[in-house]
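# Structural features, examined
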Amino acid sequence: MVVVAFTASGDMKVLLEELAREPSPPRQWIGSESWVTDPLLMSFSFCAGAIGVAIQQSVIPGLRDFLLDLSPSEVAASPLLTEFWEDAFNCSLRTNSPDCFPCSREFWHNAKKDACFPKPIEFLSYEEVLSVFLAAFSVSGACLAIITAVIFFYYRTTPIVRANNSELSFLLLFSLTLCFLCSLTFIGAPSEWSCMLRHTAFGITFVLCISCVLGKTVVVLMAFKATLPGNNVMKWFGPPQQRMTVVSLTFFQVLICTVWLVFSPPFPIKNLTSYKEKIILECSLGSAVGFW
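Residues numbered from 1 in each chain as written. Predicted model: local features only at pLDDT ≥ 70, side-chain atom pairs only at ≥ 80, totals over all residues. Heavy atoms only, no water.

As recorded by an unreviewed UniProt entry, the protein carries the name G-protein coupled receptors family 3 profile domain-containing protein and is attributed to Goodea atripinnis.

Rendered as structure tokens:
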């Protein structure tokens, strides 16, 4: 009598224990790999000589290296690769269990791949060397701009400072100071306020800076043209027009940033795709059009 049993080892154990209670006629067992390789089940005397059927295992050369070298974007583009990569490399086992359970996206497996632990969270903190250099450069630049403004103010009555359009010069130095200090908003854990501030504040102060440079450039251009006989072009771009140019361009930038913040502002996100073993805290732009 031949018995073909294609079942799990746990179910087969129950069957063999029941058959062992009473003597049974000789049987030829043909089993699947799941139970025929179990030493405990093979200890039953009437299972001697059992034949096992198993799927042949083979190693595909280069497959493992190919899967490990895939970038997160390539894996995410294919549902099949995503499922295979997570089951094969990001989950093989519970203790004494053949079942594999994948770690959630914010967790990573240990070296033995039998437990999940939270992924480390990274951001540009004040303790890092890069942050220290960035903060030092930012504060140093702001101090240089303030020192220059103090010197300009001290010599504000001299012909050189007065000819250099002192009003736009002070406004330019003020905007440069803010531009340097805006770098500090990129350090530290992103929050809703810091994400909104780091993009919009720099945009507004940068436009203010460029507007002052534009105003001073136009003044120089007008001054050269005013040297021609009978040319009184400077009256068309005097101090009132200069102030209006700076205010208008800066107000336009403020309007753009306001619309951006109202409809689709930047917000903090957890980047889980750039690195599979850690989480990167960063700011999403919200509206890419608003950023552009």
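Next comes the rest of the account.
Another aspect to go through is a nonpolar patch on the surface. Taken together, the side chains of Phe251, Phe252, Leu255, Ile256, Val259, Val262 and Phe263 make up a nonpolar region of the molecular surface, amounting to roughly 750 Å² of accessible area. Relative to the helices and strands, phenylalanine 263 is located in helix 10 (residues 239-263). (Patch = residues over 30% accessible without salt bridge, like charges linked within 9 Å, V, L, I, M, F, W, Y side chains within 5 Å. Areas by Shrake-Rupley, 256 points an atom, 1.4 Å probe, with all protein chains shown as cover. Salt bridge = Lys/Arg side-chain N within 4 Å of Asp/Glu carboxyl O. Helix = DSSP H or I, 4+ residues; strand = E, 2+ residues; numbered from the N terminus.)

Per the stated rule, a full pass over the model turns up seven aromatic pairs. Taking 6.3 Å as the distance between ring centres and 85° as the angle between the ring planes, the aromatic pair formed by tryptophan 29 and tryptophan 35 counts as edge-to-face. Of the two residues, tryptophan 29 and tryptophan 35, both sit in the buried class. Plain terms: the ring middles of tyrosine 154 and tyrosine 155 are 4.8 Å apart, the flat faces sit at 85° to each other, and that makes the pair edge-to-face. Overall, tyrosine 154 belongs to the exposed group, its relative accessible area being 63%. Using a relative accessible area of 42% as the deciding quantity, one classes tyrosine 155 as partly exposed. Each member of the aromatic cluster is reached from another via a ring pair, and the members are Phe152, Phe153 and Phe170. One Lys or Arg, arginine 156, reaches over the ring of phenylalanine 153 and ends 4.1 Å from the middle of that ring. (Phe/Tyr/Trp six-rings, centres within 6.5 Å; stacked < 30°, edge-to-face > 60°. Buried < 20%, exposed > 50% of the residue type's maximum accessible area, 1.4 Å probe, protein only. Lys NZ or Arg CZ within 6 Å of the ring centre and 35° of its normal.)

Look at the UniProt record and you will see "transmembrane region" (unreviewed entry) annotated at residues 129-156, 168-189, 201-224 and 244-263. In residues 168-189, helix accounts for 68% and strand for 0%; the two terminal C-alpha atoms are 36 Å from one another. Helix makes up 100% of residues 244-263 and strand 0%, with an end-to-end C-alpha separation of 28 Å. (UniProt positions renumbered as here; feature names shortened; annotations may be inferred.)

Assignment of secondary structure puts threonine 205 in helix 9 (residues 192-225). Each residue touching threonine 205, except ones within four places of it in the same chain, is listed here: Ser175, Leu178, Cys179 and Cys182. (Contact = heavy atoms within 4.5 Å.)

For the rest of this paragraph, the subject is the nonpolar core. Side chains of a nonpolar character, in soluble globular proteins, are inclined to be buried together. Residues Val3, Ala5, Met12, Leu16, Trp29, Trp35, Val36, Leu41, Phe44 and Cys47 constitute the largest nonpolar core, which totals ten residues. At the level of elements, strand 1 (2-5), helix 1 (9-19) and helix 2 (33-36) are the ones that each hand at least two residues to this core. Ignoring any residue separated from it by four or fewer positions in sequence, one finds valine 36 in contact with Gly31, Met42, Ala50, Ile51 and Gly52. In this structure, Leu168, Leu172, Leu208 and Cys209 belong to the second largest nonpolar core, which totals seven residues. (Core = buried A, V, L, I, M, F, W, Y, C linked by side-chain atoms within 4.5 Å.)

Tallying each qualifying case throughout the model produces three salt bridges. Lysine 278 is paired through a salt bridge with glutamate 122; the nearest N and O atoms lie 3.2 Å apart. Of this pair, lysine 278 sits in the loop between strand 7 (267-271) and strand 8 (279-284) while glutamate 122 is found in strand 6 (residues 121-122), placing the two residues 156 residues apart along the sequence.

So, about helix 10. Along its 25 residues, helix 10 runs 36 Å from first to last C-alpha, staying within 8% of the 36 Å computed at 1.5 Å per residue. Looking only at helix 10, the buried set comprises Gln242, Val246, Thr250, Gln253, Cys257 and Trp260. (Expected span 1.5 Å × (residues − 1).)

Another point: helix 6 (residues 129-154). Here helix 6 is 26 residues long and its end C-alpha atoms lie 37 Å apart, about the 38 Å a rise of 1.5 Å per residue gives. On its buried side, helix 6 packs onto helix 8 (166-182).

Bringing the confidence of the model for the protein into the picture now. When pLDDT is averaged along the protein, the result is 79, and 83% of the positions lie at 70 or above. At the low end of the mean pLDDT range in the protein sits helix 4 (residues 72-76), at 63; at the high end sits helix 6, at 90. (pLDDT = per-residue confidence, 0-100.)

Here the structure, examined in full by the defined rule, presents one disulfide. This cysteine, cysteine 179, is not joined by any disulfide, and cysteine 209 carries the nearest cysteine sulfur, 5.2 Å off. A residue is classified by how much of its surface remains accessible, and cysteine 179, at 12% relative accessible area, is buried. Here cysteine 182 stays free of any disulfide, with the sulfur of cysteine 179 as its closest cysteine sulfur at 6.1 Å. (Disulfide = S-S within 2.5 Å.)

All right, on to the sheet that holds strand 7 then. The strand order 6-8-7 describes an open sheet built from three strands, whose pairing is mixed. In this open sheet, the two strands that pair with only one neighbour each are strand 6 and strand 7. (Pairing = 2+ DSSP bridges.)

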